[in-house]
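Residue-level structure breakdown
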Amino acid sequence: MLLALSGVVPAHAADPTPGVITVAAFLYLPGDTEVPELPLVVEQGASLTFTSADTVGGFHSIVSEDLRADATPLFWAGQIGPGQVSEVNGVPGLEPGTYRFYCSNHPDMNGLLAVAPA
Ligand SMILES: [Cu+2]
């Protein structure tokens, strides 16, 4: 039924552009705190996809430093290895602001996600 409708339902003009973050050589690109000239910015409500192009670092994840009241991360993704892709869960529900995150396998991998007002 959804397939039958897909041709006649236009995309909503206000849908925010999905973001993409890639990990390579132990760096989040964009968004790694070691590469501040490449910031990771998504519009409020946008989804974020995590991909891995890392051929040296094994598996990586994204875990927000901030937790919900139930002690689960505000957003998270992974573990993914080279060539794999995962949605970053929780990003579309974030309020505007900046959020730090890290890799649970490599705690020295740190990133910053900026959510811009829609
Ligand atoms: Cu990692």
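First, a word on scope: everything that follows refers to the structure included in this document. (Residues numbered from 1 in each chain as written. Predicted model: local features only at pLDDT ≥ 70, side-chain atom pairs only at ≥ 80, totals over all residues.)

1. Description of the sheet that holds strand 7 (residues 85–87)
By definition, the strands of a sheet pair up through backbone hydrogen bonds, in either a parallel or an antiparallel sense. Pairing is mixed in the open sheet, where 4 strands are placed in the order 2-1-4-7. The sheet terminates laterally at strand 2 (27–29) and strand 7, the two strands that pair on one side only. When the angles between neighbouring strand axes are averaged without regard to direction, this sheet yields 25 degrees. Examined bridge by bridge, strand 4 (residues 48–52) and strand 7 share 3 bridges and lie antiparallel to one another. Bridging from a neighbouring strand, F50 pairs with S86 of strand 7. (Pairing = 2+ DSSP bridges. Helix = DSSP H or I, 4+ residues; strand = E, 2+ residues; numbered from the N terminus. Axes fitted to C-alpha atoms, helices over the stretch in contact; angles between N-to-C directions.)

2. A few points about unusual backbone geometry
Residue L29 is joined to P30 through a cis peptide bond whose omega torsion reads -5 degrees. Along the polypeptide, P30 turns up in the loop between strand 2 and strand 3 (40–43). Of note, the bond from G78 into Q79 is cis; its omega dihedral lies within 30 degrees of zero at 0 degrees. Its location among the elements puts Q79 in strand 6 (residues 76–80). Even without glycine at this site, A25 takes up a positive phi of about 50 degrees. Counting through the fold element by element, A25 comes out in the loop between strand 1 (19–24) and strand 2. Judged by local crowding, A25 falls into the exposed class, with 10 C-beta atoms found within 10 Å. Even without being a glycine, A71 presents a positive backbone phi close to 75 degrees. Structurally, A71 is set in the loop between strand 5 (60–64) and strand 6. A71 sits in the exposed class, given 6 other C-beta atoms within 10 Å. (Buried ≥ 20, exposed ≤ 12 C-beta atoms within 10 Å, placed from the backbone.)

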